[in-house]
Amino acid sequence: MRYGQKLHLIILEYDEVYCQKIEEMELADPCEVKKQEKNRSILKGRGRIEAAQPFRPIKSVSIDEMEFEINVTENRPLSFKDGESVLFLSELLRNGWNPEDIDYQSIDMLLLTSIEFAGDFAVIPEFDDNVKLHFNMNKDNVSYLVEQTVTLTVNGEYPEKLWFKNKEDSEEHWAQINRVYLLDIWADMEKNLSDPKLLDHMNKEQINEARRNIEKSLIEVCPKGMYYPVIEYESEDDISLEFHTREFLDSKPVHHENGSIGFIIRPDKPTGILGKKLKSAIIQEPVLGNTDIIEAELFQYHRTVTLEDINLPAVNTPKEISKDYMKVNVKEVAEKLDMLFDGYLYFLDKRTGEIFEIEEGYLGIAEEIDEYDNFDGYRDWEKNIIQSAIKFFQEEMYYISLPSKIHEYQIMEDFIDSLTNTSHIDRLERAITGKGAFRRFKDTINYLGIEKKWYDFKRKALEKIVIEWCNDNDLEY
């Protein structure tokens, strides 16, 4: 469909499981008095029913041979009480749409995904009747409930890793807390709003207006003199943590007239004490400046997952190419190449397509260990790693090392050569000269607002490396 100069791809969905849950809820005892919920139950989503939204995290769409980048994706339920929904369906029918696949369904049970393509379109492109659509999916986050009590000491020491499991399975995960400190969010806001670089995007009047609006919301959630606890930690690459104070979780929600306000805090250092990426979690429940101990919970963790691309009509292409080996997921391997750490080794299991990573030191231990060794002197989590390494050596013929030499500097140079804006080229060429080139390069692309262009270029370069690696090693992909 075309709205003015904007082209939209419209998808109507029907989720049968969602509809069944709605019906069950409507048949429940209507006289049951619902108790006021605590923050814990609200965050856990008790009683919340949501429909599946498979088309939410879309990166691009290919319609036959034409590829379209995405501006924005909107997902919403339709409603017969909403005149716009009824008018929309009427227009589809008036223009010849045959809803044979929808059958007879209530409008309220239909879900709409509207995908706006980038660019302007004077007309709708011509497509064949039997058009095939390919949805290139972005990463998405999946949340897992933990609810594990944690006592946090402000500016304390954390020599041991924090181990935790989600409530759905027994898989164990870890986090290494580096430090816990109290953040003066008012001082941080003033520092950001006083940054001279902000004048490149806003005038003084707009900055003052933004300050007034932020202060109006901030005064309700974190009065002056109060502080937000911040936890800096390392963890598995694709995991981020969410903490709350126990007092907050067991309290009733408080309504704020000026709405809620969210914060993203980034660590000052890129890596932590274990050499992995340093991450931050802010507890948005203010405490006094002299607070030393915080009784909290690791409430849940969020895992970044790589979604399978979607084909419509569905194309069932078998992954397995032989009795033993699977096709290589080029996108997944390229993403791993973008997150390699020194001291670690990375291998592809050709049977499953999964990536196995391990610290080099533990492979050395496993190689020399006696078969009767009972692992005395090692912690439980170290024993698990060593046992994984032993299994790796037993099945080494099924593994192949990932490409290890990624010349990011060359990729940066190639990216600069691909640009046409001479001002951008000059700035970036100066940025990559001398010591600290990588940091200056990233700061410069952020300043120029071309981060997406860089990350898309880098992704394609890494995918090209993976394809060459597959061809060199006779791997299907």
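J.: Is there a simple way to think about the overall build of the chain in this case?
T.: Looking only at helices and strands, the chain features 13 helices and 18 strands. Taken across its 477 residues, the chain has 37% of its residues classed as buried. Of all intrachain contacts in the chain linking residues separated by at least 6 positions in sequence, the fraction that spans at least 24 positions is 75%. With the model as given, the accessible surface of the chain reaches about 29,900 Å², and the carbon-plus-sulfur share is 48%.

J.: Would you mind showing me how to read helix 10 (residues 408-418) here?
T.: Along an α-helix, a turn takes 3.6 residues, which lines up residues three or four apart on a common side. Those residues of helix 10 not exposed but buried are I411, M412, F415 and I416. Taken around the axis of helix 10, the buried residues stretch over an arc of 140°, which confines them to a single face. Looking at the buried side of helix 10, the elements it contacts are helix 11 (422-431), helix 12 (437-448) and helix 13 (451-472).

J.: Explanation requested: the side chain of E232 in the structure shown.
T.: One can find E232 in strand 10 (residues 226-235). Every residue in contact with E232, bar those within four places of it in the chain, is listed here: Q176, I177, N178, R179, Y181, P267, D268, L278, K279 and S280.

J.: Mind showing me how you'd approach the packing of helix 11 against helix 12 here?
T.: How two helices sit against one another is set out by the angle between their axes and by the gap between those axes. Between helix 11 and helix 12, whose axes approach to 8 Å, the crossing angle comes to 155°. With respect to helix 12, the axis of helix 11 lies roughly antiparallel. In terms of crossing hand, the pair formed by helix 11 and helix 12 is right-handed. From helix 11, H424, R427, L428, R430 and A431 reach across to helix 12, where they touch A437, R440, F441, T444, I445, Y447 and L448. Within the contact of helix 11 with helix 12, the residues separate by chemical class into seven nonpolar, two polar and three charged.

J.: Please clarify how the environment of Y144 should be interpreted in this entry.
T.: Considering the arrangement of structural elements, one finds Y144 in strand 7 (residues 139-153). For Y144, a relative accessible area of 17% puts it in the buried group. Residues Y144 and K44 lie 100 residues apart in sequence; the distance between their C-alpha atoms is 9.8 Å. Setting aside anything within four residues of it in sequence, one finds Y144 in contact with N166, E168, Q300, Y301 and R303.

J.: Looking at this model, I keep getting lost on empty space enclosed by the protein. Mind explaining?
T.: If a probe the size of a water molecule is rolled over the atoms, the empty space left behind becomes visible. All told, the structure shown has one cavity of 30 Å³ or more when counted by the stated rule. Within this model, the largest cavity holds a volume of roughly 50 Å³. In this structure, the largest cavity is lined by E13, A52, Q53, N75, R76, P77, L111, L112 and T113.

J.: How should I be thinking about the packing of aromatic side chains in this particular structure?
T.: To describe a pair of aromatic rings, one takes the distance between the centres and the angle between the planes. A full pass over the atoms with the stated rule returns 16 aromatic pairs. When the centroid spacing of 5.1 Å and the interplanar angle of 25° are considered together, the rings of Y144 and Y301 count as stacked. Note that Y144 is positioned in strand 7 and Y301 in strand 14 (residues 293-306), a separation of 157 residues in sequence. In terms of burial, Y144 and Y301 fall into one category: buried. Seen from their ring centres, F415 and F441 are 6.3 Å apart, and the 85° between their planes marks the pair as edge-to-face. Of the two residues, F415 is situated in helix 10 and F441 in helix 12; the sequence distance between them amounts to 26 residues. You'll find F415 and F441 in the same group, each marked buried.

J.: Before we go on, may I ask you to explain the pattern of salt bridges in this structure?
T.: Where charged atoms of side chains with opposite charge meet at close range, the side chains can pair. With the rule as written, the count across this model stands at 28 salt bridges. As a salt-bridge pair, R40 and E297 come within 2.8 Å of each other at their nearest N and O atoms. In this pair, R40 sits in helix 2 (residues 39-44) while E297 sits in strand 14, placing the two residues 257 residues apart along the sequence. Accessibility expressed as a relative area gives 4% for E297, which makes it buried. K44 is the partner of E147 in a salt bridge, and the nearest nitrogen-oxygen pair spans 3.6 Å.

Criteria and thresholds
Residues numbered from 1 in each chain as written. Predicted model: local features only at pLDDT ≥ 70, side-chain atom pairs only at ≥ 80, totals over all residues. Heavy atoms only, no water. Helix = DSSP H or I, 4+ residues; strand = E, 2+ residues; numbered from the N terminus. Buried < 20%, exposed > 50% of the residue type's maximum accessible area, 1.4 Å probe, protein only. Contact = heavy atoms within 4.5 Å. Areas by Shrake-Rupley, 256 points an atom, 1.4 Å probe, with all protein chains shown as cover. Arc of directions from axis to C-beta. Axes fitted to C-alpha atoms, helices over the stretch in contact; angles between N-to-C directions. Parallel < 35°, antiparallel > 145°, perpendicular 65-115°, else oblique. Left-handed = near helix turned anticlockwise from the far one by under 90°. Nonpolar A, V, L, I, M, F, W, Y, C, P; charged D, E, K, R; others polar. 1 Å grid on protein atoms, 1.4 Å probe; cavity = no way out; pocket = protein on both sides within 12 Å on 5 of 7 lines; lining within 4 Å. Points joined across faces, edges and corners; volume = space filled by probe spheres on them. Phe/Tyr/Trp six-rings, centres within 6.5 Å; stacked < 30°, edge-to-face > 60°. Salt bridge = Lys/Arg side-chain N within 4 Å of Asp/Glu carboxyl O.

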